[in-house]
Amino acid sequence: MKKAFLASILFLTAAGGTGAATSGEWLDRLYRHYDEAERLYVRFEQKTVHAVFKKAEIWRGEFWADAGRWRLAVPGRVEVYDGAYLWVYSPSEKEVQKQKRARAQTPFRPKEILDRLKREFRGELVKQNSGSVVLRLVPKARDAAGAPVVLAFHPKSFLISSMSWEEAGDSVTVKFLRTARNLKINPKKFAFEVPAGVKVTDLSL
């Protein structure tokens, strides 16, 4: 499965303005901003530079979410969580997997990403000016397997522009091409219909 950092992410009506702040304070502001969003749309691009083959892989995806449902579309794969079941569709394999709610992990909801960063990472402020804030976040635990994450965003709009990290020696960068909060989303986005001629593997039993 292609990974969006979750997975991937993005945004606060920041009380306190854009004055000097610590990395922890910036993360708190970002988290509150996303926590307040009832609906979210993100269009993103992920670039992975493979260390061994010295080759870059670039692909784009989209993510929609409301309070309890979400949809992720990436090349060759669509995931829809309708509030009860997670549907994972692979067109090339002509197969749909149906999973229980307990197995449905949100792949790209910024609030969950930022919550994990707050809990498991400590940060340093790399850059702060009127147009950009850059944080470098490293795992708090010395034996943690996670790699440092570099997070860049706008200090006023709180739109995240990029996140980057290393994964198994590869360099991964996610660019956020468009982000919108509390927009109208057609309910059909969160209702999955099994295409004709496609096999359904029911893992919810």
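Residues numbered from 1 in each chain as written. Predicted model: local features only at pLDDT ≥ 70, side-chain atom pairs only at ≥ 80, totals over all residues. Heavy atoms only, no water.

## Points about the environment of Y81
The condition that has to hold: The numbering of helices and of strands both runs from the N terminus, where a helix is a DSSP run of H or I of at least 4 residues and a strand a run of E of at least 2. A 1.4 Å probe rolled over the protein chains alone gives each residue an accessible area, and that area as a share of the maximum for its type sets the label: buried under 20%, exposed over 50%, partly exposed in between. A 3.5 Å cut-off defines polar contacts: any pair of N or O atoms within that distance qualifies, except that in protein one atom must be a possible hydrogen donor and the other a possible acceptor, and neighbouring residues in sequence count only when both atoms are side-chain atoms.
Tracing the backbone shows Y81 in strand β4 (residues 77-81). Judged by relative accessible area, Y81 falls into the buried class, the value being 6%. As for Y81 and R71, which are separated by ten residues in sequence, their C-alpha atoms are 6.3 Å apart. A distance of 3.1 Å separates a polar side-chain atom of Y81 from the backbone oxygen of G83.

## Considering the nonpolar core
Selection criterion: In this description, a nonpolar core means a group of buried Ala, Val, Leu, Ile, Met, Phe, Trp, Tyr and Cys residues linked to one another through side-chain atoms lying within 4.5 Å. A contact between two residues is defined here by any heavy atoms of the two lying within 4.5 Å.
One finds L114, L117, L151, F153, I160 and M163 to be the most contacted residues of the largest nonpolar core, which totals 35 residues. Ranked by residue count, the leading element in this core is helix α1 (residues 23-35), at five residues. Setting aside chain neighbours within four positions, we find L151 in contact with L27, L30, L114, V133, V134, L135, L137, I160, S162 and M163. Among the nonpolar cores identified, the runner-up in size contains seven residues, and V80, Y89, V96 and F192 belong to it.

## Topic: the packing of aromatic side chains
Let me state the cut-off plainly: For Phe, Tyr and Trp, where Trp contributes only its six-membered ring, two rings pair if their centres lie within 6.5 Å, and the inter-plane angle classes them as stacked under 30 degrees, edge-to-face over 60, or tilted in between. Should the NZ of a Lys or the CZ of an Arg lie within 6 Å of a ring centre and within 35 degrees of the ring normal, that charge is described as sitting over the ring.
Summed over the entire model, instances satisfying the criterion amount to nine aromatic pairs. An angle of 35 degrees between the planes, with centres 6.2 Å apart, marks the rings of W70 and Y81 as tilted. Of the two residues, W70 sits in strand β3 (residues 70-74) while Y81 sits in strand β4, which places them eleven residues apart along the sequence. Residue W70 is classed as buried on the basis of its relative accessible area of 1%. A network of ring pairs unites the aromatic residues W26, F153 and F158 as a single cluster. It is R29 that lies over the ring of W26; its NZ or CZ is 5.0 Å from the centre. Just above the ring of W64 sits the side chain of K189; from NZ or CZ to the centre is 4.1 Å.

## Examining the pairing of strand β7 (residues 121-128)
Going by this rule: At least two DSSP bridges between two strands are needed for those strands to be called paired.
Sheet analysis places β7 next to strand β8 (residues 133-139), joined by seven bridges and oriented antiparallel. Bridge pairing links Q128 to V133 in β8.

## Some remarks on the confidence of the model for the protein
What counts here: On a scale of 0 to 100, pLDDT captures the predictor's confidence in every residue.
Of the residues in the protein, 84% reach a pLDDT of 70 or more, and the chain-wide mean stands at 83. Helix α2 (residues 110-120) is the least confidently modelled element of the protein, averaging 77 in pLDDT, while strand β12 (residues 199-202) averages 95, the highest of any element. The model gives residues 1-18 a pLDDT under 50, and that stretch makes 69 contacts with residues more than four places away or in other chains.

## Quick word on the sheet that holds strand β1 (residues 40-50)
Our working definition: Lines fitted to C-alpha atoms define the axes, with helix axes restricted to the stretch in contact, and inter-axis angles between N-to-C directions lie between 0 and 180 degrees.
One open sheet accounts for twelve strands, arranged β7-β8-β9-β10-β11-β1-β2-β3-β4-β5-β6-β12; its pairing is mixed. Looking along the sheet, the strands with just one partner apiece sit at the ends: β7 and β12. For this sheet the average axis-to-axis angle between neighbouring strands, irrespective of direction, equals 15 degrees.

## Section: the pattern of salt bridges
Which entries qualify depends on this criterion: Any carboxyl oxygen of Asp or Glu that lies within 4 Å of a side-chain nitrogen of Lys or Arg is treated as forming a salt bridge with it.
Tallied over the full model, the rule gives six salt bridges. In this structure, the salt-bridge partner of K118 is D28, at a minimum N-O distance of 3.3 Å. On the criterion of sequence distance, the pair formed by K118 in helix α2 and D28 in helix α1 is long-range, its members being 90 residues apart. Using a relative accessible area of 31% as the deciding quantity, one classes D28 as partly exposed. Put simply, E45 and R60 hold a salt bridge, and the shortest N to O gap is 3.0 Å. With E45 in strand β1 and R60 in strand β2 (residues 55-65), this residue pair connects regions lying 15 residues apart in the sequence. Relative accessible area serves as the criterion here: at 16%, E45 is assigned to the buried category.

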